[in-house]
Each structure stands twice: as C-alpha cells, then as structure tokens.
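Below are the chains, spelled out letter by letter.
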Amino acid sequence: MTSRPLDRLFRPQTIAVFGGREARRVIEQCDRMGFAGEIWPVHPTLDEVLGRRCYRNVSELPSPPDAAFVGVNRSLTIEIVRSLSAAGGGGAVCYASGFSEAVAELADGADLQQALIAAAGDMPILGPNCYGFINGLDGALLWPDQHGMMRVERGVAILTQSSNIALNLTMQTRGLPIAYVVTSGNQAQTSLSDVACGLLSDPRVTALGLHVEGFGEPAALERLAATARLTKKPVVVLKVGRSEQARQATLSHTASLAGGDALADAVLARLGLGRVETLPALLETLKLLHVAGPLPDPSISSMSCSGGEASLMADAAVGRAVTFRELEPRQLPRLRRILGDMVTLSNPLDYHTFVWGDLARQTEAFTAMFEGGYALNLVVLDFPRTDRCSTADWVTTADAVIAAASATGALAGVLATLPETMPEAVASRLIAEGVVPFCGIDETLIAAEVAAGIGHAWRKPPPLPLLNMPSVEGAVETLTEADAKMELNLAGLRIPKGLIASTPLQAADCAERIGFPVVLKALGVAHKTEAGAVVLNLKDARAVSDAASKMAVTSGFLVEQMIDRPVAELIVGASRDPVFGLSLTLGAGGIFVELLEDSVILPLPTTRSDISEAISRLKIAKLIEGYRGGPKGDLEATVTAVARAADYVVMNAARLEELDINPLMVLPESRGVAAVDALIRRRR
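One numbering rule holds for all chains: residues counted from 1, following each sequence as written. This being a predicted model, a pLDDT of at least 70 is required before a residue's local features are given, and a value of 80 or more before pairs of side-chain atoms are given or counted; all residues contribute to the totals for chains, interfaces and linings. Computation of side-chain values covers all heavy atoms of the structure but excludes hydrogens and water.

Details of the overall build of the chain
Turning to step 1, where the next piece is worked out: Assigned secondary structure in the chain consists of 24 helices and 30 strands.
Turning to step 2, where the next piece is worked out: For this analysis, residues touch if any pair of their heavy atoms sits within 4.5 Å. Excluding contacts between residues fewer than 6 apart, the proportion of contacts in the chain whose partners are at least 24 apart in sequence is 71%.
Turning to step 3, where the next piece is worked out: With the model as given, the accessible surface of the chain reaches about 28500 Å², and the carbon-plus-sulfur share is 52%.
Turning to step 4, where the next piece is worked out: Counting 62 positive and 76 negative side-chain charges, the chain places the averaged centre of each group 3 Å from the other. Starting at the N terminus, helices and strands are each numbered in turn, a helix being any DSSP run of H or I of at least four residues and a strand any DSSP run of E of at least two. Here, Shrake-Rupley sampling with a 1.4 Å probe gives the accessible areas, and only protein chains in the shown set may cover a residue. This count recognises Lys and Arg as positive and Asp and Glu as negative, with His and chain-terminal groups excluded. In this description, the location of a charge corresponds to atom NZ of lysine, CZ of arginine, CG of aspartate or CD of glutamate.

What about the pairing of strand S12 (residues 205–212)?
Turning to step 1, where the next piece is worked out: Between buried and exposed lies partly exposed: a residue is buried under 20% and exposed over 50% of the maximum accessible area for its type, with that area taken using a 1.4 Å probe on protein chains only. Most of S12 sits out of view: eight of its eight residues are buried.
Turning to step 2, where the next piece is worked out: In the sheet, strand S10 (residues 155–160) pairs with S12 via five bridges, with the strands oriented parallel. Note that in S12 the partner of Ile 158 across the bridge is Gly 209.
Turning to step 3, where the next piece is worked out: Where S12 and strand S13 (residues 235–239) come together, five bridges link them in parallel fashion. In the sheet register, His 211 faces S13, and the bridge partner there is Leu 238.
Turning to step 4, where the next piece is worked out: Read from S12 through helix H7 (residues 218–231) to S13, the crossover connection turns out right-handed. In this description, strands pair whenever DSSP reports at least two bridges between them. Look down the strands so they point away from you; if going from the first strand over the helix to the second traces a clockwise path, that crossover is right-handed.

A short note on the environment of Gly 587
Turning to step 1, where the next piece is worked out: For Gly 587, the location among the structural elements is in strand S26 (residues 581–588).
Turning to step 2, where the next piece is worked out: You can call Gly 587 buried: its relative accessible area is 1%.
Turning to step 3, where the next piece is worked out: Here Gly 587 is in contact with Glu 569, Leu 570, Ile 571, Asp 598, Ser 599 and Leu 618, once residues within four sequence places are set aside.

Observations regarding the sheet that holds strand S18 (residues 412–416)
Turning to step 1, where the next piece is worked out: Read from one edge of the open sheet, five strands run S16-S15-S17-S18-S19, paired in parallel fashion. What marks the edges here is a single partner per strand, and that holds for strand S16 (349–350) and strand S19 (436–439).
Turning to step 2, where the next piece is worked out: Bridge analysis of strand S17 (residues 376–380) against S18 gives four bridges, and the strand direction is parallel. Of the residues in S18, the one forming a bridge with Leu 378 is Gly 413.
Turning to step 3, where the next piece is worked out: With axes taken as lines fitted to C-alpha atoms, and helix axes fitted only over the stretch in contact, angles between N-to-C directions fall between 0 and 180 degrees. Taken strand by strand, helix H13 (residues 359–370) contacts strand S15 (300–304), S16, S17 and S18, and its axis lies near 160° from that of S15.

Some remarks on the packing of aromatic side chains
Turning to step 1, where the next piece is worked out: Note on aromatic contacts: the rings of Phe and Tyr and the six-membered ring of Trp form a pair at centre separations within 6.5 Å, being stacked when their planes are under 30 degrees apart, edge-to-face when over 60 apart, and tilted otherwise. One pass over the structure, following the stated rule, counts eight aromatic pairs.
Turning to step 2, where the next piece is worked out: Seen in terms of ring centroids, Phe 10 and Tyr 180 are 6.5 Å apart; in terms of plane orientation they differ by 80°. Their pairing is edge-to-face. Of this pair, Phe 10 sits in helix H1 (residues 7–10) while Tyr 180 sits in strand S11 (residues 178–183), and the two are 170 residues apart along the sequence. Comparing Phe 10 with Tyr 180, the two get one shared label, buried.
Turning to step 3, where the next piece is worked out: Taking the centre distance of 6.4 Å and the plane angle of 15° together, the rings of Phe 366 and Phe 370 count as stacked. You can see Phe 366 and its partner Phe 370 sitting in helix H13, four residues apart, about one turn around the helix.
Turning to step 4, where the next piece is worked out: We classify Phe 366 as buried; its relative accessible area is 0%.
Turning to step 5, where the next piece is worked out: What links up through ring pairs into an aromatic cluster is the set Phe 69, Tyr 95, Tyr 131 and Trp 143.
Turning to step 6, where the next piece is worked out: One residue, Arg 325, lies across the ring of Tyr 374, its end atom 4.2 Å from the ring centre. Comment: the charge-over-ring label is applied if NZ (Lys) or CZ (Arg) is within 6 Å of the ring centre and within 35 degrees of the ring normal.

Digging into the environment of Ser 346
Turning to step 1, where the next piece is worked out: Turning to its location among the elements, Ser 346 is positioned in the loop between helix H12 (332–339) and S16.
Turning to step 2, where the next piece is worked out: Taking the C-alpha atoms as reference points, Ser 346 and Gly 532, separated by 186 residues in sequence, lie 55 Å from one another.
Turning to step 3, where the next piece is worked out: Residue contacts for Ser 346: discarding those within four places in its chain leaves Leu 327 and Met 369.
Turning to step 4, where the next piece is worked out: Any pair of N or O atoms that falls within 3.5 Å is considered a polar contact. Within protein, one atom must be able to donate a hydrogen and the other to accept it, and sequence-neighbouring residues count only if both atoms are side-chain atoms. Of the polar contacts made by the side chain of Ser 346, one reaches the backbone oxygen of Pro 348; its length is 2.9 Å.

Quick look at the nonpolar core
Turning to step 1, where the next piece is worked out: Joining through side-chain atoms within 4.5 Å is the link that ties buried Ala, Val, Leu, Ile, Met, Phe, Trp, Tyr and Cys residues into a set, and such a set is a nonpolar core. Phe 10 and Leu 159 are the most contacted members of the largest nonpolar core, which totals 103 residues.
Turning to step 2, where the next piece is worked out: It is helix H16 (residues 441–459) that contributes the most residues to this core, 10 residues altogether.
Turning to step 3, where the next piece is worked out: Judged by nonpolar contacts, the second largest core, of 42 residues, contains Leu 493, Val 572, Leu 582 and Val 600.

Some points on empty space enclosed by the protein
Turning to step 1, where the next piece is worked out: Cavities and pockets are found on a 1 Å grid laid over the protein atoms alone: a cavity is a set of points where a 1.4 Å probe fits but cannot escape, a pocket is an open set with protein on both sides within 12 Å along at least five of seven lines, and a lining residue has an atom within 4 Å of such a point. Grid points are joined across faces, edges and corners, and a volume is the space filled by probe spheres set on the points. For the coordinates displayed, the defined rule picks out one cavity of 30 Å³ or more.
Turning to step 2, where the next piece is worked out: Its boundaries defined by the atoms lining it, the largest cavity holds a volume of some 40 Å³.
Turning to step 3, where the next piece is worked out: Tyr 648, Asn 652, Arg 655, Leu 656 and Arg 682 together form the lining of the largest cavity.
Turning to step 4, where the next piece is worked out: By residue class, the composition of the lining of the largest cavity is two nonpolar, one polar and two charged. All residues other than Ala, Val, Leu, Ile, Met, Phe, Trp, Tyr, Cys, Pro, Asp, Glu, Lys and Arg, Gly among them, are scored as polar; the first ten of these are nonpolar and the last four charged.

A few points about the pattern of salt bridges
Turning to step 1, where the next piece is worked out: Any carboxyl oxygen of Asp or Glu that lies within 4 Å of a side-chain nitrogen of Lys or Arg is treated as forming a salt bridge with it. In the structure shown here, the tally under the stated rule is 39 salt bridges.
Turning to step 2, where the next piece is worked out: Among the salt bridges present, the one from Glu 22 reaches Arg 21, with a minimum N-O distance of 3.2 Å.
Turning to step 3, where the next piece is worked out: The partner of Lys 521 in a salt bridge is Glu 481, and the shortest N-O contact between them spans 2.7 Å. Taken together, the residues Lys 521 in strand S22 (residues 518–522) and Glu 481 in helix H17 (residues 481–490) connect sequence positions 40 residues apart. One exposure class covers both Lys 521 and Glu 481, and it is buried.

Structural notes on unusual backbone geometry
Turning to step 1, where the next piece is worked out: Geometrically, the link from Gly 127 to Pro 128 is a cis peptide bond, its omega value of 0° lying close to zero.
Turning to step 2, where the next piece is worked out: One can find Pro 128 in the loop between strand S7 (125–126) and strand S8 (133–135).
Turning to step 3, where the next piece is worked out: Positioned with a positive phi, His 352 is a non-glycine residue whose angle comes to about 60°.
Turning to step 4, where the next piece is worked out: Here His 352 lies in the loop between S16 and H13.
Turning to step 5, where the next piece is worked out: For His 352, a relative accessible area of 23% translates into the label partly exposed.

With respect to the sheet that holds strand S2 (residues 38–42)
Strands belonging to one sheet form pairs held by backbone hydrogen bonds; the direction of such a pair is parallel or antiparallel.
Turning to step 1, where the next piece is worked out: Across the sheet, which stays open at both edges, the five strands sit in the order S2-S1-S5-S6-S7 with parallel pairing between neighbours. At either end of the open sheet lies a strand with only one pairing partner, and these are S2 and S7.
Turning to step 2, where the next piece is worked out: Pairing between strand S6 (residues 92–94) and S7: two bridges, direction parallel. Looking at the pairing, Ala 92 lines up with Ile 125 of S7.
Turning to step 3, where the next piece is worked out: Along the sheet face, helix H3 (residues 74–87) touches strand S1 (14–19), strand S5 (67–71), S6 and S7 and points at about 165° away from the line of S5.

Some details on H13
Turning to step 1, where the next piece is worked out: What a helix is expected to span follows from its residue count: subtract one and scale by 1.5 Å. Over its 12 residues, H13 runs 16 Å from end to end, which matches the ideal 16 Å to within 8%, given 1.5 Å per residue.
Turning to step 2, where the next piece is worked out: For H13, the complete set of buried residues consists of Gln 362, Thr 363, Ala 365, Phe 366, Thr 367, Ala 368, Met 369 and Phe 370.
Turning to step 3, where the next piece is worked out: At its buried positions, H13 is contacted by S15, H12, S16, S17, helix H14 (392–408) and S18.
Turning to step 4, where the next piece is worked out: A distance of 3.2 Å separates the backbone nitrogen of Ala 360 from a side-chain oxygen at the start of H13, and that oxygen is part of Asp 358.

A look at the packing of helix H18 (residues 504–514) against helix H20 (residues 541–550)
Turning to step 1, where the next piece is worked out: Axis separation between H18 and H20 bottoms out at 8 Å; the angle between their running directions is 145°. Two packed elements cross with a definite hand, and for H18 against H20 that hand is right-handed. Contact residues: H18 offers Pro 504, Leu 505, Ala 507, Ala 508, Ala 511 and Glu 512, while H20 offers Ala 541, Val 544, Ser 545, Ala 548 and Ser 549.
Turning to step 2, where the next piece is worked out: Per-class residue counts for the contact of H18 with H20 are eight nonpolar, two polar and one charged. By definition, any crossing whose near helix is turned counterclockwise from its far helix by less than a right angle is left-handed, and any crossing with a clockwise turn is right-handed.

Observations concerning the confidence of the model for the chain
Turning to step 1, where the next piece is worked out: Confidence scores here are pLDDT values: one per residue, from the predictor, ranging 0 to 100. Across the chain, pLDDT averages 92, with 96% of residues at or above 70.
Turning to step 2, where the next piece is worked out: When the criterion is pLDDT under 50, residues 244–259 qualifies, and its contacts beyond four places in sequence or with other chains add up to 49 contacts.

Encoded structure:
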C-alpha cells in the first residue's frame, strides 16, 4: 500500500498533463465536465495547449500538482514520475504500456516496471498501461478518451483492471449515477483494494463495484471488506474465472471440491462482499445498493398486469437465495376489494388491468402490497417506445409506485424485463424518488440476492482474520490411514477401534481381538473402494483371512470395528489454495461426493455457528434432520467433529497440505459420529 493518501490524486485542485495527443484529450475532457481547478500542460516544445501556457518540465510548474497524467513513452514515464515524486506531487496516472504486461514481447518489461515503482517512491501511481480515472463528482478527469459520464452529486464508484470495460460501463443508460470510474492497469504499486479503500472514504460515494481478474494478498481484501463495513458502503465484485478448470485432486476429493473459484465465492461471502457474474448484473446490483444499501432479508413481492410476467418472475427465483413469500392474511381483504374477484391473490401477483391508468386505485393496490413487510417490492413495467407510442399510462403506474413507496416507507422497484424498455429519463427520476429502476428479471433477482447476502454478513460479528499461513519447505508425505486417524483421534475426533496387521493370519487375529463384524482395508491405497482394497462387514476370522489373501498388498492391513449404519455420510476436508491458503470443505460424503455435487466451503478459521449454518445449506442436511420419518442424526456431535477438524487444520497450518475425512459417519441422535476413513498430506 502506498504511503501517501489518494485524496489529492482522485480529488485534485491542480492537474499536470505530460505528452501530446493523449494529454490534450485529458484537458478537453476536464473542460467538458467543468473542472474548476487549474490544468498545467507540460511539453518540451509547445508554448500553449487549448489556451493554457505550457511548461517545459516539473520544476517549472507553479507548485507540485495534485494529480498528473503522464502520456509519454515508457522510458520517459519513469523520469517524469521520479521528478513528480521528488517535488511532492499527489499522484500520477501512467498511461504507457510495455511494462510487466508485455514480458513475452519485451525482455526489459518487468525491469522497467520495477524501475517505475522505485521512481514513484511513496507517491501513488495508477498503472502503468491504464486509461486513468473519471471523477464525475468534481469533473476531474485524467482520462484520454471520450466517455458517457455526466456530473453527479453522489453515486457509485466502479474500479476495473480493464480500461476498455471501464469505457464501456460509462456508456450505460440505466440511470445509475456513477461518481468514479477508475482503471488500474498493471497495479504496479497501487492495487484495486488500495483505490477502493480510498474512494470509500469519499462521503459522496454510496457503493462500489470491482471488476477483477484475480485477487492479490488476502489481507488487502480483508482491509477492503472492513472499510466497507465501517463506512456502511457495500462492495460488489465481478471476478472472472468461473470457467477455469478446477484443480484436480491428486489423492482425495477435497481439492476438486474446493476449487479456486468456489473458494473465492466463500471468502467473499464471509467478508460481506457481494459477487456477480456479468456486467449487467453488476450495474443492477450497484443500482439497488446505491438506492437502498444491503437488504435485511431476501423476501420479495412482485406485481404485474400479466400472468406471463408473474410466471417469469417465479421461475427466475428457482435456484436463487430469494423468496416470494406468501401474502400476509391482513393484506388479502384490501387487495380483494381493490382488484376484484377475478384476480388470484398470490405472490407474484398478476393484478390484471382493472386498475390500469387509474392513479388512485393503482396507488392503493401497490400500497396494500407494499405493506406486507417484504425487503423489496417490485412492479413489473416495460415502457413503450417513445418515438411511436404514448407512455402516459405507464408514467401513471410509475407515479403510483412512487406514491405507494412514500406512503409505506417500503423499498420499491420498477422492473423492466428488457433494458431498452426502461427509458433513462424514467430511471433517473425513479432513483431521485428512492425507487430502484431495474432492467432485466434475472439481473434484478441477482441484485436482491447479493444485497441480502451482504446484509446477512454485516449483521454477524466481524469475521475472524483469514488463515493464510504459507507452508514450510520440505517434501510432501502422505500418512497411512492408521497414522492419519491417530492424528485425528488426538485432535478429539472419534475413530473406529482398529489394529494393523502384516499378513492375512495376523489380520484374522486382530479381528478376533476387536470383535466382529469388522472392516478390512489395505494400507497405502488412496481410493480403496475403486481399487477393491476395502471389504466391509466381515463376520468371522476365516472371512477376514480370505479377504486379506485376495488383496494385492505390500504395506499391510488395517482391521477396524464395523460402524453401525449411519443416518448420513459427510466429507470433511481441507486443501491449500495458492491465494487464500487452507480452507475447510463440507459435503455429502461416501459414494455421493461426485453424485450429488453437494458441498460448502468454509474459509478458516471458522466458528461453530458458521459450521452449523454450512451444514444446513447441504442437500444431505435433510437426512440429518430426519428425512421422511427416518431417524435424526447427531447434529451436535457432527458440528463438534467438524470444529475439531477445523482446529486441527489451523494448528497444523504450516505443514498441512491436505486433509480428507471421507466419510464422517453421522450416527443417530446421542450416538455421535465416526471418522471411518482419513487422508493427511503434509510437509516433512
């Protein structure tokens, strides 16, 4: 993180521009947006640019500039940045490319980037290889191109590594007020998290959107999340990478379940940072967060004058963490009186067209709906084309929504199913009235889901610091199942009674000592079921000896007590991610790992509360709760076992590479759990 604050760079009173064409464009854009400060062109030969006197170098400037746009070649960029830093400049945008992003083409690219960082010292720099930023609050632009933004008094900030995506986002016509657009390029010195924390300190910024290709240090992400929570300004992230192949497990299922992108989801959720997958969803979510901030819960009401739209709304909620809760009984008489007997009172609600064009009756109907205590109340409304059609009745409907929201104090949104059917002027007016103008059904429900998720995270205590301890040097060893279980038993997990044998006869003798029935396993085999290296429910010594004789074994046998039939089987594991370190994975275990694809990731360290919540999100949780009259599982013992496994991972974080308990058998109530198979890989 840079030593100097970013205030002067992003909210400058004086701007210096270095270079030719791009520098001239920066001045043009500042003039168009009405920048009230001073702009000082610096050029070796020109006397003036756009009516402003040119200076020859940094030393000639009237004072150290708050912000500088450096639009020259890469070598000269370093010299100018060094001069600006020495003079006490507030910060610089480095436009030139040819640094670390071009190492495949330019052998000196990485070295030049390091030289640029050294030249900057503690002066903040953006880039290199970036367009810079637009400050729509003050009209200050270090931006060498056209754009679609306008001056606003308050709004969201958008940060991205991609200058072209930033440019595209400025062209949105969805009514979203944008306070800042910032590009970071190579992030040689100042990261997106640094910038984000700086912008959140501006009281005029309401929410923040990030488009990232990858995360740097987890500590920077934690700092951003803490700043967002402290300032009560939510952050939503669009991170690319869902299509990347998940890391393949070498010896267990855990690593594939906890692929890097799934872990990123879990970390963001824990930190209270929302996540979306598309640019439209990013814009709609920012719109909701700008108007209302995080939602208290995921409940939604929906009204439309079409049964088709009501069905689309209901279908779009399938698989999403939002709910169309049933109408409250107290709402029904009023809605029936207003809408008549032919309307089916439900949520989503098709209110037909009996009140269409009637401001008073629409307002009363919407008011009755908005009084149901929903976190978000939607009215589906697609405006007609203004060049061919009259919009009078649609404006009346929007007026009714505004009036009902004002009367009830409820959060309302007008939802156009298509972006082109939400006129920008209407969207801007709705936002000014505290009503969210949504574009797209899916994007709207995503926005609600994300806003509710942030609200849920913020209502919990601040999360524990992430466990990101690097592993020690040394070769990786895989413990035998017996040794792995001994480690877990010392950590407080229950394991089946077992003995090790070298020969089939010894295995039979061990079984006699343990008591039948038993399980026979071959040591040194990772996936025992697939390899035929495990035999269950052996009931006498002869059966054990025969089964052992048929196994191709060189490392010996493990003979264990047979555990009674469980209520459910879980997988509990940990694997190391190159960015976020060790995390815990919970899921349906045994043969259901791949079949059900039912797993949850918990960043570490974790709490019993988080573990209980994670288990409740699993499909297999229904079995533990007593599915269709079946016995309930010992949930308390399950949470305790998972917590002890998590503690083991945290205590051994420096050496542990992978843990895989599969299955952890959940027995009926009061009978506990048992870890019947385990794998541990760690550094020597």
